[in-house]
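Coordinates in review
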Amino acid sequence: MAAPPKPFAGQIPLPLMRQGGSTRIVIGPANEGVLEACRLADSWPFRTALLWGEQRSGKSLIARWFAESGLGDAIDDAQGLDEDAIFHRWNRAQEARRPLLIVGPPVPDSWQVALPDLGSRLGAALNLRIETPDDTMIEGLIEAHAEARGLALADGATTYLVPRAPRSFAGVEALVAEIDRISLERKIPATLAVWREALDILGGGTGEQGDLL
């Protein structure tokens, strides 16, 4: 009998892909169910799953990790691709008996697929949703985005920022980017005064999301 998969812990590192932003999958209640489901991809209906969630929630990182880990194939930003091409990819995956992770919203509720054969198949796929990050995950996101930018945050940064940060993936990323910008432009360390100013610029320091997305 096969041993059960080990639980995820910490973060999943990925090679640097771009300047700024996290290059690690920060793991928490928002996405650990998705990652566990990816490890059991052979049990998906028709070995197909749709991955969706809010902006900047790490969907592309998870799709890349899924493919590079040898768990199956992945299609990113599927909603903007040619439907015939996606259908051919689905057919090839079925012929190879290989799981296929598709980054795209639920069908048909949020993604109106024009090609009937593709629509029926995607409608039967497993839906994997990344939820809203909690405080512990927001702390990890702040640290990961800062590390990717080479931004040194003064002691106490996460203690101060987490309860005041936007409650979204995109908002946290924007907050760290703003702290980095202020610090670089003024050539000053990223200390309390910089954190406060960044929060004010992005819509206040009360934990409200503001107009970040």
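Please refer to the structure placed before this passage.
One structure accompanies this document, and this report is about it. (Residues numbered from 1 in each chain as written. Predicted model: local features only at pLDDT ≥ 70, side-chain atom pairs only at ≥ 80, totals over all residues. Heavy atoms only, no water.)

**Some thoughts on the pattern of salt bridges**
In this structure the tally under the stated criterion is eleven salt bridges. For the salt bridge of Arg56 with Glu173, the shortest nitrogen-to-oxygen distance reads 2.9 Å. Placement of the pair is Arg56 in the loop between strand E3 (48–53) and helix H2 (59–68) and Glu173 in helix H7 (residues 169–186), with a sequence separation of 117 residues. Since its relative accessible area comes to 41%, Arg56 is described here as partly exposed. Put simply, Glu185 and Arg181 hold a salt bridge, and the shortest N to O gap is 2.7 Å. Of this pair, Glu185 and Arg181 are both found in helix H7, four residues apart, which corresponds to roughly one turn of the helix. Three or more residues joined by partner-sharing salt bridges are found here, namely Glu178, Arg181 and Glu185. (Salt bridge = Lys/Arg side-chain N within 4 Å of Asp/Glu carboxyl O. Helix = DSSP H or I, 4+ residues; strand = E, 2+ residues; numbered from the N terminus. Buried < 20%, exposed > 50% of the residue type's maximum accessible area, 1.4 Å probe, protein only.)

**Quick look at the sheet that holds E3**
The sheet built from four strands is open, its strands ordered E4-E5-E3-E6 with parallel pairing. Two strands in the sheet have a free side with no partner beyond their single neighbour: strand E4 (73–75) and strand E6 (126–130). The mean inter-strand angle of the sheet, taken between neighbouring strand axes irrespective of direction, is 25°. In this structure, E3 lies alongside E6, joined through five bridges in parallel fashion. (Pairing = 2+ DSSP bridges. Axes fitted to C-alpha atoms, helices over the stretch in contact; angles between N-to-C directions.)

**A word on helix H3 (residues 83–96)**
Helix length check: H3 (14 residues) gives 20 Å between terminal C-alpha atoms against 20 Å at 1.5 Å per residue, within 8%. Taken as a whole, H3 has its buried residues at Glu83, Ile86, Phe87, Trp90 and Ala93. Along H3, the residues classed as buried sweep out an arc of 125° about the axis, all on the same side. Across from the buried face of H3, at angles greater than 90 degrees, the exposed residues are Glu95 and Ala96. Two or three places before Asp84, at the start of H3, stands the capping residue Asp82, its side-chain oxygen 3.1 Å from that residue's backbone nitrogen. Remark: Arg97 follows H3 within two positions and exhibits a positive phi of approximately 55°. (Expected span 1.5 Å × (residues − 1). Arc of directions from axis to C-beta. Polar contact = N/O pair within 3.5 Å; in protein donor to acceptor, adjacent residues only side chain to side chain.)

**Some points on the packing of helix H5 (residues 135–149) against H7**
Relative orientation of the contacting elements H5 and H7 amounts to 40°, with a least axis distance of 9 Å. Viewed along their axes, H5 and H7 adopt a mutual orientation that is oblique. Crossing angle aside, the handedness with which H5 passes H7 is right-handed. Note on element contacts: H7 touches H5 through Phe169, Val172, Glu173, Val176, Ala177 and Asp180, opposite Met137, Ile138, Leu141, Ile142, His145, Ala146 and Arg149. (Parallel < 35°, antiparallel > 145°, perpendicular 65-115°, else oblique. Left-handed = near helix turned anticlockwise from the far one by under 90°. Contact = heavy atoms within 4.5 Å.)

**Quick notes on the nonpolar core**
Within the largest apolar cluster, 46 residues are counted, with the highest numbers of intra-cluster contacts made by Cys38, Trp44, Ile62, Leu101, Leu128, Leu161 and Ile179. Sequence-distant contacts of Leu161, that is, excluding residues within four places in its chain, are made with Ile142, Leu175, Ile179, Trp195 and Leu199. If you look at the next biggest cluster of nonpolar residues, it comprises 15 residues, including Leu50, Trp90, Leu100 and Ala125. (Core = buried A, V, L, I, M, F, W, Y, C linked by side-chain atoms within 4.5 Å.)

**Some thoughts on the packing of aromatic side chains**
Under the defined criterion, the tally for this structure stands at three aromatic pairs. Their ring planes at 35° and their centres at 5.8 Å tell us that Tyr160 and Trp195 sit as a pair that is tilted. With Tyr160 in helix H6 (residues 157–161) and Trp195 in helix H8 (residues 192–201), this residue pair connects regions lying 35 residues apart in the sequence. As far as burial versus exposure is concerned, Tyr160 and Trp195 are alike and both buried. Just above the ring of Tyr160 sits the side chain of Arg164; from NZ or CZ to the centre is 3.9 Å. (Phe/Tyr/Trp six-rings, centres within 6.5 Å; stacked < 30°, edge-to-face > 60°. Lys NZ or Arg CZ within 6 Å of the ring centre and 35° of its normal.)

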